[in-house]
Amino acid sequence: MKKFVVIVLDGFGIGAMDDVAHQRPLDIGANTCGHILQKYGLLRLPALEKLGLINALGYQPDNVMHPNPAANYGNANLQHQGADSFMGHQEIMGTRPDIPLLMPFSQVREQVASALNKAGYQVERVAVEDGLCYLRINGCVAIGDNLETDPGQVYNVTANLDAIDFATVRTIGDIVRSQVHVGRVIVFGGNIGSNAALHNAAETRAKRYVGINAPKSGVYGHGFTVVHLGYGVDASQQTAASLHSSGVPTVLIGKVADIVINPHGTNYQGISDSEEIMQLTLQAVELPGQAFICTNIQETDLAGHAENSDRYAERLQVVDGYLAQLLARLGQDDALVVMADHGNDPTIGHSRHTREKVPLLFWRPGVQGVYLGERSTLADVGATVCDAFGAPAPQNGHSFFPQMNKGQP
């Protein structure tokens, strides 16, 4: 194997999972792909059609696109709870998802404070209202609930990077992560000048949650740096680490580079423009040597959040054009998988992710008409990448690489 490329169309599901009735009732009836194609009956995506998008969708929508008998395709379920980009990508990279807890930061505050005190940090409890306190560390780091997502799922470690270096903030975040069992701890900061900017942005929600209103604090403005620490995520058991041990580099492009740990590879972070992302992907394919290249197309997901079907369809057309260029540049020893991490149906009536199955479309020269079936986890992709390069398997997943070789000499 020379180049193995995985393109993740963020939020491009192909139908609600079987468990949504009890897991996420608001997602009943969701079908991001099907609803967009039905709404825009003349929308044609030639590259995705060739790769088997309609085959994976499983039915013929009222649209000009059709199944391709020669396509190689299947679909995959989300093994992680909910429908989360962060955990979706960790799962793609071979992580076996653990079930996180839901709880306000106040329930673990003292446990976290004790651990930080023992590590030598100065810890203050800062009251906001209704007796709710966040933790202030060394005067310049605030720890509390994430106020921008579903409550109880995420804690934030927010820092003034004019007063502390990010490596130290990351160490603080690692201590928090070791003490709590929510889905994610987000460690981030920016150059905001005064520590007072953090406290001035402190707020509460529903008399249960307290934290820093990140946009209001100004941390996103200058020098923004972030790392996401997921529950049960061990980067040493993921695809990138396995490939590195076998001498194969990993290239992450787009949002995946922001949320997957890849210290030994190349990471194009902080990019959301689809054209730039796909141009970088084409460049990475043309470089000499072996590589695993994983690219995230975030603008589809952003269009879903905005409930903007027009924008979603337009972004799909842009990416489809680049997929045609990518297919033309891949060679005999290369492979391509196009997939998603969850759904984000702009027609469903809410602006959150939707818990949907995702397409698995793959291409290898000389391989046609292979059905991958319905996979139980996105981790099968990471396992397949490792198998293709002869690297040790990641923590989770079953390789479908033998099926990708069907018809190969």
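Residues numbered from 1 in each chain as written. Predicted model: local features only at pLDDT ≥ 70, side-chain atom pairs only at ≥ 80, totals over all residues. Heavy atoms only, no water.

An unreviewed UniProt entry lists the protein chain under the name Phosphopentomutase, from Serratia liquefaciens. According to its UniProt record, the protein chain has this under Sequence similarities (unreviewed entry): "Belongs to the phosphopentomutase family." (UniProt positions renumbered as here; feature names shortened; annotations may be inferred.)

(A) Region of the structure containing the overall build of the protein chain. When helices and strands are counted, the protein chain shows 16 helices and 16 strands. For 409 residues, the compact-globule estimate of 2.2 N^0.38 gives 22 Å, and the C-alpha radius of gyration of the protein chain, at 22 Å, lies within 12% of that figure. Each of the three principal axes of the protein chain carries a C-alpha extent, and together these read 65 × 45 × 35 Å. Looking at the protein chain residue by residue over its 409 residues, the buried ones come to 57%. A fraction of 70% describes how many contacts in the protein chain between residues 6 or more apart in sequence connect residues 24 or more apart. Each charge class in the protein chain can be summarised by its mean position, and for the 28 positive and 40 negative side chains these summaries are 3 Å apart. (Helix = DSSP H or I, 4+ residues; strand = E, 2+ residues; numbered from the N terminus. Rg over C-alpha atoms; globule rule 2.2 N^0.38 Å. Buried < 20%, exposed > 50% of the residue type's maximum accessible area, 1.4 Å probe, protein only. Contact = heavy atoms within 4.5 Å. Lys, Arg positive; Asp, Glu negative; His and termini not counted. Charge placed at Lys NZ, Arg CZ, Asp CG, Glu CD.)

(B) Molecular detail of the UniProt feature "domain: Metalloenzyme" (unreviewed entry) in the protein chain. UniProt's feature table lists "domain: Metalloenzyme" (unreviewed entry) at residues 2-391, given in the numbering used throughout. Helix makes up 33% of residues 2-391 and strand 23%, and the two end C-alpha atoms of the span are 13 Å apart.

(C) A look at the packing of aromatic side chains. In the structure shown here, the tally under the stated rule is seven aromatic pairs. Ring pairing ties together the aromatic residues Phe 188, Tyr 220 and Phe 224, which thus form one cluster. (Phe/Tyr/Trp six-rings, centres within 6.5 Å; stacked < 30°, edge-to-face > 60°.)

(D) View of the pattern of salt bridges. Throughout the structure, instances matching the rule amount to 19 salt bridges. Salt-bridge contacts for Asp 10 lead to Lys 255; the nearest nitrogen and oxygen are separated by 3.9 Å. With Asp 10 in the loop between strand S1 (3-9) and helix H1 (20-23) and Lys 255 in helix H11 (residues 255-259), the pair connects residues that are 245 residues apart, well separated along the chain. The exposure class of Asp 10 is buried, given its relative accessible area of 0%. The partner of Glu 299 in a salt bridge is Arg 311, with the nearest N and O atoms 3.2 Å apart. Highlighted residues: Glu 299 in helix H13 (residues 299-305) and Arg 311 in helix H14 (residues 309-329), separated in sequence by twelve residues. A residue is classified by how much of its surface remains accessible, and Glu 299, at 10% relative accessible area, is buried. (Salt bridge = Lys/Arg side-chain N within 4 Å of Asp/Glu carboxyl O.)

(E) Main features of the packing of helix H6 (residues 109-118) against helix H7 (residues 166-179). Interhelical geometry of H6 versus H7 gives an angle of 135° and a closest axis separation of 9 Å. In terms of axis orientation, H6 runs oblique to H7. Seen along the crossing, H6 lies across H7 with a hand that is right-handed. Facing H6, whose interface residues are Gln 111, Val 112, Ala 115 and Leu 116, H7 presents Ile 172, Ile 175, Val 176 and Gln 179. (Axes fitted to C-alpha atoms, helices over the stretch in contact; angles between N-to-C directions. Parallel < 35°, antiparallel > 145°, perpendicular 65-115°, else oblique. Left-handed = near helix turned anticlockwise from the far one by under 90°.)

(F) Broad picture of the sheet that holds strand S7 (residues 184-190). Read from one edge to the other, the open sheet built from six strands follows the order S3-S4-S5-S6-S7-S10, with strand pairing classed as mixed. Both outer strands of the open sheet, strand S3 (123-129) and strand S10 (225-230), are each paired with one neighbouring strand and no more. Neighbour to neighbour, the strand axes of the sheet diverge by 20° on average, direction disregarded. Pairing geometry for strand S4 (residues 132-137) and strand S5 (residues 141-145), over three bridges, is antiparallel. From the neighbouring strand, Arg 136 faces S5, where its bridge partner is Ala 142. (Pairing = 2+ DSSP bridges.)

(G) Examining the packing of helix H2 (residues 32-39) against H14 more closely. Contact geometry of H2 with H14 gives a least axis separation of 10 Å together with a crossing angle of 95°. Overall, the two elements H2 and H14 adopt an arrangement that is roughly perpendicular. Touching Thr 32, Ile 36 and Lys 39 of H2 are Ser 309, Tyr 312, Ala 313 and Leu 316, all from H14. Across the contact of H2 with H14, the residue classes tally to four nonpolar, two polar and one charged. (Nonpolar A, V, L, I, M, F, W, Y, C, P; charged D, E, K, R; others polar.)

(H) Summary view of the side chain of Asp 301. For Asp 301, the location among the structural elements is in helix H13. No salt bridge is formed by the buried Asp 301; its nearest oppositely charged neighbour, Lys 255, is found at 4.0 Å. With sequence-adjacent residues up to four places away left out, Asp 301 is seen in contact with Asp 10, Gly 11, Ser 85, Lys 255, His 342, Asn 344 and His 353.

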